[in-house]
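Architecture and fold: a report
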Amino acid sequence: MLDMRETLERLCACAAPSGYEGEAARAAEELLRPLMDEVWTDRLGNVIGVRRCGRPEAPRLVLDAHLDEIGLMVTGAEEGFLRFRAIGGVDPRMLPGREVTLLTQPPLFGVVACMPTHVLTEADKDAAIPLDELVIDVGMTQEEVEAAVPVGTPAVYRGSCFPLGEGQLCGKSMDDRACFAILLRTAELLKGRELDVDLYIMGSTREEVSGAGAKVGTFALDPTYCVAVDVTHGKTPDSPPDRASVIGGGPAIGVGPNMTRWMTERMIAKANGEDIPYQLEVMEGHTGTNGWHMQVSREGIPTSVVSLPLKYMHTPIEVLESRDMEAVARLLAAFTEKLGEEAEGLC
């Protein structure tokens with residue numbers, strides 16, 4: 001059985017911001033290969049595996065989770081300190097005092113500089129520092145840093161993941177490596193079971209900046225159905241009650257105009273039939289996932305969105321519940337079985 005914690009530790013330890021997913025892609029490909037008939041990496045770096053059902057002209061189901069993470073990119077150096085911009089949705093409040101890994105060869109460690117509280121004014125203590133005023137300290141002189149860290153060097157939060165309490169896990173890049181781990185578990189659950197669809201698992205690239213990986217991968221695979229598997233906001237004391245899902249409450253099934261209705265209804269029916277706890281997530285507009293792009297590929301593809309509740313999204317301390325991961329995998333496996341037969345005439 002797939003060791004979810006070990007798998008997450010391996011995937012989350014990879015430094016792989018949008019456009020630089022190579023390290024995570026290599027790990028993903030190695031983990032996926034034993035579960036699929038064929039695995040490859042396409043031109044945009046998407047890792048794709050297929051398990052064929054053996055039926056001629058079988059429908060094709062794509063389950064997608066993205067491999068990239070948010071990050072930083074060096075724009076220059078000043079007095080030995082690195083200036084940078086964001087790759088994806090980086091929250092400047094998270095940065096002061098953080099450890100980062102710079103993707104040089106070999107990698108370098110740095111820290112985002114922060115002023116000691118002793119020298120801050122009262123107004124400064126309550127203010128977030130704008131990103132363009134922050135710098136990374138790598139312990140070098142100006143001459144050294146110019147030679148070691150070229151302009152355009154990407155960086156990510158340093159770290160992997162660790163247990164938090166009894167069943168929760170905490171770390172960076174759980175968004176969306178946790179969901180790729182779920183897809184691995186889904187494939188494992190389906191091992192030995194008869195399918196009537198060709199099952200494709202895609203670890204896509206560049207979701208945090210453009211969704212380009214999913215756009216290209218979906219177009220190339222020309223699937224009959226798609227499911228985007230991503231994280232959603234987990235409830236905390238300060239979260240909006242109607243915009244967050246319960247950690248430990250099971251998968252959040254997307255409901256809204258950009259999810260195909262029969263797929264949503266079938267996902268709910270499978271959860272009820274398999275006694276899988278679930279919650280509904282209203283997505284009245286842009287889902288913020290690859291499902292947004294997949295649904296309009298080619299002539300349009302029936303698409304569903306299933307999400308894993310996650311606290312503290314886009315921070316170095318993202319937190320999830322391991323039993324939610326298993327529940328999402330069970331739901332996806334149940335949805336995949338008999339899909340070809342049961343979807344006939346619906347799409």
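Figured I'd write up the structure that's included with this text. Bear in mind the structure is a predicted one, so any value in this text is a computation, not a measurement. (Residues numbered from 1 in each chain as written. Predicted model: local features only at pLDDT ≥ 70, side-chain atom pairs only at ≥ 80, totals over all residues. Heavy atoms only, no water.)

1. A few points about the overall build of the protein chain
Along its length, the protein chain carries 10 helices and 17 strands. For the protein chain, whose C-alpha radius of gyration is 21 Å, the value lies close to the compact-globule estimate of 20 Å for 347 residues. The 347 residues of the protein chain split such that 55% are buried. Counting contacts in the protein chain only where the partners sit at least 6 residues apart, residues at least 24 apart contribute 76% of the total. About 15,600 Å² of surface is accessible on the protein chain, with carbon and sulfur atoms providing 51% of the total. Treating the 32 positive side-chain charges of the protein chain as one cloud and the 54 negative ones as another, the clouds have centres 4 Å apart. (Helix = DSSP H or I, 4+ residues; strand = E, 2+ residues; numbered from the N terminus. Rg over C-alpha atoms; globule rule 2.2 N^0.38 Å. Buried < 20%, exposed > 50% of the residue type's maximum accessible area, 1.4 Å probe, protein only. Contact = heavy atoms within 4.5 Å. Areas by Shrake-Rupley, 256 points an atom, 1.4 Å probe, with all protein chains shown as cover. Lys, Arg positive; Asp, Glu negative; His and termini not counted. Charge placed at Lys NZ, Arg CZ, Asp CG, Glu CD.)

2. Things to note about the sheet that holds strand β8 (residues 136–137)
The strand order β4-β5-β8-β7-β6-β9 describes a closed barrel built from six strands, whose pairing is antiparallel. Here three bridges tie strand β6 (residues 99–102) to strand β9 (residues 154–157), and the two strands are oriented antiparallel to one another. Across the sheet, the residue bridging to Thr101 is Val156, located in β9. (Pairing = 2+ DSSP bridges.)

3. Details of the packing of helix α1 (residues 4–12) against helix α2 (residues 22–32)
Their axes nearest at 9 Å, the elements α1 and α2 cross at an angle of 150°. Here α1 lies roughly antiparallel to α2, going by the angle between them. Along the contact surface, α1 presents Thr7, Arg10 and Leu11, while α2 presents Ala24, Ala27, Ala28, Glu30 and Leu31. (Axes fitted to C-alpha atoms, helices over the stretch in contact; angles between N-to-C directions. Parallel < 35°, antiparallel > 145°, perpendicular 65-115°, else oblique.)

4. A word on the pairing of β9
Pairing of strand β4 (residues 71–78) with β9, which is carried by two bridges, proceeds in the antiparallel orientation. Paired with Leu72 across the bridge in β9 is Ala155.

5. Let's talk about the sheet that holds strand β17 (residues 318–321)
With antiparallel pairing, three strands are arranged side by side in an open sheet as β10-β11-β17. Because the sheet does not close on itself, it has two edges, and the strands there are β10 (161–164) and β17. Sheet twist, expressed as the mean angle between neighbouring strand axes with direction ignored, is 30°. As judged from the four bridges shared by strand β11 (residues 168–171) and β17, these two strands associate in the antiparallel manner. By the bridge assignment for β17, Leu169 is matched with Leu320. Of the strands in this sheet, β10, β11 and β17 touch α1, which is tilted by about 140° from β10. Against the sheet, helix α5 (residues 174–190) touches β10, β11 and β17, its axis set at about 25° to β17.

6. As for the pairing of strand β15 (residues 279–282)
Residues Gln279 and Glu281 point to one face of β15 and are all buried, whereas Leu280 and Val282, pointing to the other face, are not buried. Bridging between strand β14 (residues 252–255) and β15 involves four bridges; their strand directions are parallel. Across the sheet, residue Gly254 finds its bridge partner in β15, namely Glu281. Handedness of the β-α-β unit built from β14, helix α7 (residues 261–273) and β15 comes out right-handed. (Right-handed = clockwise from strand over helix to strand, strands pointing away.)

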